[in-house]
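# What the coordinates show
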Amino acid sequence: MEVPCGKMYMDSSTKTSTATSIGLLKSIPGLGAFRDHGATVFFLALIALSALITPNFLSFGTLENTLVQVFPVMLVALGMTLVISSGGIDISVGAIMAISAAVLARLYTSGVGLAPSIGCGILAAGLCGLFNGILISRFRIQPIIVTLVVMIAGRGLAMRVQGQLSTSLEYTPLGNFGLYKVADKVPVQIVIMLAAVAIILFVVKKTVFAKHVEAIGDNCRAARLVGINTLATTIGVYTVCGIMCAIAGCMEAARIGAVNVAQLGLFIELDAIAAVAIGGTPFSGGRTRILGTVVGAVVVGLVTVIVNMNDIPSHYSMVFKALIVVVAMWTQRKK
Amino acid sequence: MEDHILEMKGISKTFPGVVALQEVDLFVRYGEVHALMGENGAGKSTLIKVLTGVYQRDAGEIFFADEKGTGPICRNGPEGASHKLDLSPFRSQRAGISTVYQELNLVPYLSVCENIFIGREPKTRGLIDWKTVERRSREILSDMGLEGVDVNEPLHKQSVAVAQMVAIARAISIEAKLVVMDEPTSSLSEEEVRTLFRVIKRLKKQNISIIFVSHKLDEVFEICDRATILRDGRLVGQYAMRDLTKLKMVSLMIGRDATSVLDKRKRVSAGREGRDLVLKATGVSRARRTTEISIDINSGEILGVAGLLGSGRTELARIIFGDEIPDKGRIEIGAKNAHMKSPRDAIRLGLGFCSEDRKEEGVFPNMSVLDNMTMAILPELGKAGVLSRKAQLRIAETYITKLNIATSGPNQPMRELSGGNQQKVLLARWLCKNPILMIMDEPTRGIDIAGKAEIENIITELAGGGVAILMISSEMEELIRSCDRIAVLSEGRKVGELAAQEISEEHIMHMMAHGSALREDVHGQ
Amino acid sequence: MKTTTTAKNTGAASLIQSRGPLVAFLVLCAVATIFFPTFLAPVNLANILRQVSLIGLISIGMTFVILSGGIDLSVGSTAAVAAVLAARLSGEFPTAAAVIPILAGLCIGAVNALLITRVKIPPFIATLAMMLGARGLAFVLSGGVPVGADRYGRFSQIVKSDILGIPCVGIIFILALGVAIIVAKHTSFGRSVYAIGGNEEAARMMGLNANRSKLLIYMICGGCAAAAGMLHALRIGSVRPGAAEGWELTAIAAVVIGGTSLTGGIGKMGHTLYGVLILGAIPNIINKQGTLTTLDNDVITGILLLAVILLQSRMTNQVPSAGGAA
């Protein structure tokens, strides 16, 4: 049975305050353009700044390094964008990464072949997404709460699956794959990342499913009245997000050469949400700016890389990311 | 000013794209119950919100008497407002104006006495003096004639009637001199309405004035002294109740002198023989909103549904479309029993639905015209879940031309279109699916004359092509012009059905005014 | 407004709501004692209290925030900032070491509130950003390395000691909780928290200044987190800038298990105590059990949380929605 719409996203302040809010920024000309392309502006500004202050910044090495770093955040952020455009949120992404990597490690080190192991890892993550989706749409529990539960319990579950805290994958075919470079030049992560971006772009621009997701985020009530199966679509969105986490988790495990369930993907939800915020997908739902998220993810990754390359203590990167997110949200508030 | 406690003069308020109020006056005397009447969109709730300070007016003056009976608390001359003097909910409360909103702005999880005293609790040494709060609450409630209410129980455990009383009790405890009641009886039983009226009479005796916003004519005639009638954001007039009849009131609210230049009765009604039965609803009831309603429509027929606000028109539409499940009754579509659990089921059976509130229930504001138009038909357009943009564009182009939609292109965001054009896009959404039954709730609301004519033509053409149409409208001319038959609803029941020659404004208004055939009417003629 | 409660629902639902967390805790204690008789020994109970007191302090502030319909993810980072400040100052400026961290917490809370009410960022995102920012600040203030606190000073000794067998931090927590309960139930401010959480629109229309209340609410939360951080520094003696990571989640879990709804407006400050105690008892039991680990602790917490939330959602489905329609 279909369930009517509730408040998908925890946001108590906007309803009453929009009637009376008069932003200072309204009067600044050109801000509209900034709002639409803010992510790109940040990106270019960051590049320019870094090129000036960092030695050896504009090189292939930096590019390669950055993209490999960005890879897991990018994948997760892509899934996160879909979830957010449906009006929800998913903070369990790190835990799902750990779960799928744990399944992979457990099966793989027990002798199961590479492909089936990865397959099961993805399946496990898909199940997590299914769990999220069902609790959110069928039981009408707020997305933040459901995914909070999975976030809390997920890593412990992963450890039970794996049987131990950490499994080594070094010197195994999988571990080697994680360090593999296509044509000896391009890290496999970059290839997978590009493929993922392409696939998600395709889905967002060309499938009925994506339109339904946006419709639910834009006007949930109208979506129901137009015949959209809000139950199935919501489940689908969280499942897709879970699958993206699985790919990110398995590949990261391969690259690092180990699965440490307490560390894998730790805090990645922060980076992913930051990427989406910078990229301009509204948290109230209804629009999906995939390319914005792509740029946002790169910006997030760049902050880390720049901080590293300039020998700035790494925790400054957190402060920078936080500031960028606040500014991004501020400029996008002007409606 | 001597005998007026409130004077609102020349109030105007505009929202982006919509003029809500234009130079409206409202004068309320001491100790009187003053009705504020008008149909949907007339501006009643905007006027109230301007009075209480939720909205800031664009023009006009408000004078409200204080204890001495003199002096305005707020003045806004033509030169423009001075910030300090603008009202806010807090200031208007402090001045003695209290509102009981239809949505009952109370906090459900707090107790009765807390809701009465929120924000103004009596304190001793910084902590709330609960004994006093409880005692005063009980006193106020018993003054109102309500005994035996446990003031410590959470509000949501009380009945709606008690909750309403609590809202009024709050007003009294603020020592309000003016209480605004917005649709106070919409969810009350007869017994509870009696209690409310007793309370209102007691308030009158204490020289407290009441603005009574309601669409229930019987009640207005029973309890009110005078009435101010609004229509389309303008003042129609102010009348003493004894100078009015129900019929006259209805006609003032609806406006028989509409600016329409279209013919009175254009539709040549097709005969009913030889047409398939598309929809048959029997004895449909749900909660207190709809009771035992039965209607039927054949293909190519336009059945109009007339009735005032609260008559159950929209609820009926929702039930037929599967959005709400009736408690009792049966619905057959195409002569087969239909058990619809959601709009999806209804759509699959060939139904379409244009809601009266297109903003909340129809429009996807941030998506494009193209997306909005094709949203219902998407799965059928492409293959294996992939969109066919070509097919989408073809549909968009067809209907943009056919319905004469003013848009810069299929990719324009829906929110940029005017109301009329949005409505056309929403219509196209269903037209492209070739439905067998179209349900339209206020299809021309908020649309200008030219647009109205266009949409009416589209509807007539549709019917000509064999589609059955259920049209709900508060505009009399629209119904009379376009419908084959008109069902009249009043307070949840179907009070009659008019066909062909019987259809006239007098008949319709007579039915609406005099309510259910089962109720005794002692006021009207 | 339509009420849909039936007699059956009222009884069961309100019983669970009013006594549930206490009952759950007692059941847990009973079961634990059956398997591990040493559970109820005063020493063990004191231990549990000692472990949970700091999280408990944070949960007090968090309860205010969640009751008002918001959330604060930055408390862990705020505690870290306070801890680093306290550690830094404790040697030479003992008084400052007590005051400055709290001030810092109040400021962080104020910034959170401003982001939420003025810049209109949803509480989740605003406090998420602050979580990142404050964590970075903690690293900056500590220079990235652990900071030693004066473990021999007077304050430090007091904090680590027991009074009549009850840990000092436990006493601080209970006292703070007592004050919070009084504030929540018997002050205008406290009731405004419930009003805003229950129906913010109505609260504003009733004349409450929601923005000002929120400022206070988030400042209290920041202050509580800072107090916890400061006590942590004094107790542990050496503070890593990465301290208090994950504390926000535990605090949220404690508040929710204590029966407070994440949608706001429903819940009792006092019940947070049971949520905190339950979350303290679980690792204690796991320890005794011996074969489980801290990650298992999280799994159990998660399952518990889920159960509570499902229960809550079934109950709130029976609370009416706003009525009124054409």
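In the block above lies the structure referred to throughout.
Residues numbered from 1 in each chain as written. Chains lettered and ligands numbered in written order. Predicted model: local features only at pLDDT ≥ 70, side-chain atom pairs only at ≥ 80, totals over all residues.

## A closer look at the overall build of chain A
When its secondary structure is counted, chain A shows 14 helices and four strands. Within chain A, buried positions represent 55% of all 335 residues. Looking at chain A alone, contacts between residues at least 24 apart form 80% of all its contacts between residues at least 6 apart. (Helix = DSSP H or I, 4+ residues; strand = E, 2+ residues; numbered from the N terminus. Buried ≥ 20, exposed ≤ 12 C-beta atoms within 10 Å, placed from the backbone. Contact = placed C-beta atoms within 7 Å.)

## As for helix α10 (residues 210–236) of chain C
Residue and element names in this part refer to chain C. When the terminal C-alpha atoms of α10 are compared, their 39 Å separation across 27 residues agrees well with the 39 Å that a helix rising 1.5 Å per residue should span. Counted residue by residue, α10 has 21 buried out of 27 residues, so it is predominantly covered. Following α10 by one or two positions, G237 has its phi on the positive side, about 95 degrees. (Expected span 1.5 Å × (residues − 1).)

## Here we look at helix α3 (residues 60–85) of chain A
At F71 of chain A, α3 of chain A shows its strongest bend, of approximately 45 degrees, with the proline P72 of chain A following within four residues. Where α3 of chain A terminates, the next one or two residues include G87 of chain A, which has phi positive at roughly 95 degrees. (Bend = angle between axes of the 7 residues up to and from the residue.)

## Comments concerning the sheet that holds strand β12 (residues 277–286) of chain B
All names here are of chain B. Ordered in space as β13-β12-β15-β16, the four strands form an open sheet in which the pairing is antiparallel. With one partner strand each, in any of the chains shown, β13 (290–298) and β16 (336–337) form the two edges of the open sheet. Pairing of β12 with strand β15 (residues 328–333) involves five bridges; the strand directions are antiparallel. Across the sheet, residue A281 finds its bridge partner in β15, namely I331. Against the sheet, helix α9 (residues 313–320) contacts β12, β13 and β15, and its axis sits at roughly 120 degrees relative to β12. (Pairing = 2+ DSSP bridges. Axes fitted to C-alpha atoms, helices over the stretch in contact; angles between N-to-C directions.)

## Quick notes on the nonpolar core
If you look at the biggest cluster of nonpolar residues, it comprises 384 residues, and the most contacted ones within it are I469 of chain B together with I58 and A83 of chain C. Ignoring anything within four residues of it in the chain, the contact list for A83 of chain C reads G229, M230, H232, A233, V239, A243 and A244 of chain C. (Core = buried A, V, L, I, M, F, W, Y, C linked by C-beta atoms within 7 Å.)

## Looking at the interface of chain A and chain C
Taken together, the contacts link 41 residues of chain A with 44 residues of chain C. Of all the secondary-structure elements, those providing two or more residues to the side of chain A that touches chain C are α1 (14–17), α6 (143–162), α12 (268–279) and α14 (316–332) of chain A. Considered class by class, the residues forming the side of chain A that touches chain C number 26 nonpolar, nine polar and six charged. (Nonpolar A, V, L, I, M, F, W, Y, C, P; charged D, E, K, R; others polar.)

## Observations regarding unusual backbone geometry
Residue and element names in this part refer to chain B. The backbone phi angle of E23 is positive, close to 50 degrees, even though this residue is not glycine. Along the polypeptide, E23 turns up in strand β2 (residues 18–29). Residue class for E23 comes out partly exposed when judged on the 13 C-beta atoms lying within 10 Å of it. Its identity as a non-glycine residue notwithstanding, N207 has a phi of 70 degrees, on the positive side. Relative to the assigned elements, N207 resides in the loop between α6 (190–205) and β9 (209–213).

## A word on the sheet that holds strand β1 (residues 4–15) of chain B
Residue and element names in this part refer to chain B. Spatially, the three strands line up as an open sheet ordered β2-β1-β4, and their pairing is antiparallel. Edge strands, defined here as strands with exactly one partner in the open sheet, are β2 and β4 (59–64). Along the sheet, successive strands turn relative to each other by an average axial angle of 10 degrees, direction set aside. Note: β1 against β4, five bridges, orientation antiparallel.

## Focus on the pairing of strand β10 (residues 226–231) of chain B
For a regular strand, side chains alternate in direction, first toward one face of the sheet and then toward the other. All names here are of chain B. Sheet analysis places strand β3 (residues 33–37) next to β10, joined by four bridges and oriented parallel. Bridge pairing in β10 places H34 opposite R226. Across six bridges, the pairing between β10 and strand β11 (residues 234–240) is antiparallel. In the sheet register, L230 faces β11, and the bridge partner there is L235. What sits between β10 and β11 in their antiparallel hairpin is a turn of two residues, with D232 showing a positive phi close to 50 degrees.

## A closer look at the environment of A258 of chain A
All names here are of chain A. You can see A258 is positioned in strand β4 (residues 258–260). Since 17 C-beta atoms lie within 10 Å of it, A258 is described here as partly exposed. Taking the C-alpha atoms as reference points, A258 and A101, separated by 157 residues in sequence, lie 9.3 Å from one another. Not counting residues up to four positions away in its chain, the partners in contact with A258 are S166, T167, S168, L169, E170 and A253.

## A few points about the environment of P435 of chain B
All names here are of chain B. Note that P435 resides in the loop between α15 (419–431) and β18 (437–441). In this structure P435 comes out as buried when scored by C-beta crowding, with 22 C-beta atoms within 10 Å. In the structure, P435 is positioned 83 residues away from G352 in sequence and 6.2 Å away in space, judged by C-alpha atoms.

## Notes on the environment of S209 of chain B
All names here are of chain B. Structurally, S209 can be placed in strand β9. With 24 C-beta atoms counted inside 10 Å, the residue S209 sits in the buried group. In this structure, the C-alpha to C-alpha distance between S209 and I97, residues 112 residues apart in sequence, is 9.7 Å. Not counting residues within four places of it along the chain, the set of residues in contact with S209 comprises I5, V28, R29, Y30, G31, E32, H34, K177 and L178.

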